[in-house]
Amino acid sequence: MQSRTPRPHRCLAVGLATTLLLALAACGGSDEGASIRVQGAVDRPGNYDTAALQRQPAVTQSVTFTSGSGTQSRTYTGATLWSVLNDAGITLDATKKNDGLNRYVLATGSDGYRVAFGLGEINPEYGNKASVLAYAETQNGSSGPLASADGPFRVTAPGDVKGGRYVSNLVRLEVRTSGSTAAGTGGGVSNGFAVSGAVTKPASFDLATLQALPASTVTVAGTTYTGVNLWTLLSSTTGLKTDASAKNPTLAMVAVATGSDGYKALVSLGEIDPGFGNKAALVAYAANGEGLGPNGVARLIVPGEVKQSRSVSNLTHIEVITAAP
C-alpha cells in the first residue's frame, strides 16, 4: 500500500484559521457585517455598519443612568444620531413650517424593543439632545466594541434618569411623520383645546378646567409661565392607553400639539416622563401672572430649548400617538 505523505502546511493553515476565528470572536468579530438600517422619510435609505458610522465625526460621551442592576456609568464613542439622519437626508415637506418638528425617529432593537425620539428633541437648533449611535465603549482605560448584551450598536439618551431609552443591539432607525390628523381652525385666538388619541379619557379643556388642575411653573427667556405639566395632564388627567404586553410602552409614544393655524410640533413621551427625559413641558395659561393674550387660552411650552419653535401658541389639539412596529 502506498503511504501518504503528511501535509504540515495544510495543518498549519487550518490551525491558523481556527486561531483567527477564535480571536475575532473574542474581539467582537462575530458581529462582522452587522449594521443599522436607516429608512422611512429619508432621501437615501441604507445600512450603516461600523465603518459607515466611523465616517461621521466621532463623539465620546460619558453618561450615568439607573437600570435594574443599579447605577450605570458608561463612556461611549460613536456618531451622533442627528448626524447619521442628516447623512441619510431627512425628507421634509417644504410647504409646512418647521415640518421636522412634526416628525420622530423610531429606534428598534433586535428584540423588537422600540423607542421614539422627536426630531425636535435631537436637533441641535431645538432640543439639542446629543444622542449617540455608539459602536465602542471605554473600559479600564481602553476602548473596544460594546459588550454583547449592548452591541454591536446602541443609541444613548444623555441626561435621562433611567436607561430605558438606551436601545441596545440597535438594528433599525425609521424616520416618520407623526400621523397627526388634527387640523387647524383657520388661525386666530383659541379658547381651548382637546386631548385625543391613545388616551383612556379624551377631554376638552378651557381656561377654567385648566386652572382647576394642579399648577406648575417654568421660566423661559425671562418669562415665568403657569400651567399644567404636560406629563401630568396626559398620564393622570386623561390617562394613557398603552400596550400592556410591551416593555416601557410609553417610550414608543409621542404627543403632537396643533395650533389654530395648523402648526404642529411634537414631544416624545419618553422626553417628558419624569423617570426618563424629565423635561418639564407645560400647557401654560398664564405668563408673568397675566393671561396669554394673542397666544390664546393655552400654549405648549417646552423649556430648555435653543429655539422655542416647539412652544405651540393658540393650542387647539394634543394628540397622543403610539408608533406602530
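Described below are features of the structure shown in this document. Remember, it's a predicted structure, so these values are computed and weren't measured experimentally.

Rules behind the numbers
Residues numbered from 1 in each chain as written. Predicted model: local features only at pLDDT ≥ 70, side-chain atom pairs only at ≥ 80, totals over all residues. Heavy atoms only, no water. Salt bridge = Lys/Arg side-chain N within 4 Å of Asp/Glu carboxyl O. 1 Å grid on protein atoms, 1.4 Å probe; cavity = no way out; pocket = protein on both sides within 12 Å on 5 of 7 lines; lining within 4 Å. Points joined across faces, edges and corners; volume = space filled by probe spheres on them. Helix = DSSP H or I, 4+ residues; strand = E, 2+ residues; numbered from the N terminus. Nonpolar A, V, L, I, M, F, W, Y, C, P; charged D, E, K, R; others polar. Domains from an automatic or database assignment.

Another aspect to go through is the pattern of salt bridges. As enumerated under the stated definition, the model contains 14 salt bridges in all. A salt bridge links Arg 176 to Glu 174, with the nearest nitrogen and oxygen atoms 3.3 Å apart. One network of salt bridges, with partners in common, ties together Arg 74, Glu 137, Asp 150 and Arg 154.

The next point concerns the layout of surface pockets. Looking at the largest pocket, its volume works out to about 430 Å³. Along the walls of the largest pocket sit 21 residues, with Arg 154, Gly 163, Gly 164, Tyr 166 and Lys 247 positioned nearest its centre. Looking at the lining of the largest pocket, the elements that each hand over two or more residues are β3 (59-67) and β4 (70-80). The greatest single-element share of the lining of the largest pocket, amounting to 3 residues, is contributed by β3. Of the residues that constitute the lining of the largest pocket, the class distribution is 6 nonpolar, 9 polar and 6 charged. Mapping the lining of the largest pocket onto the domain boundaries places at least three of its residues in each of domain 1 (35-177) and domain 2 (192-322).

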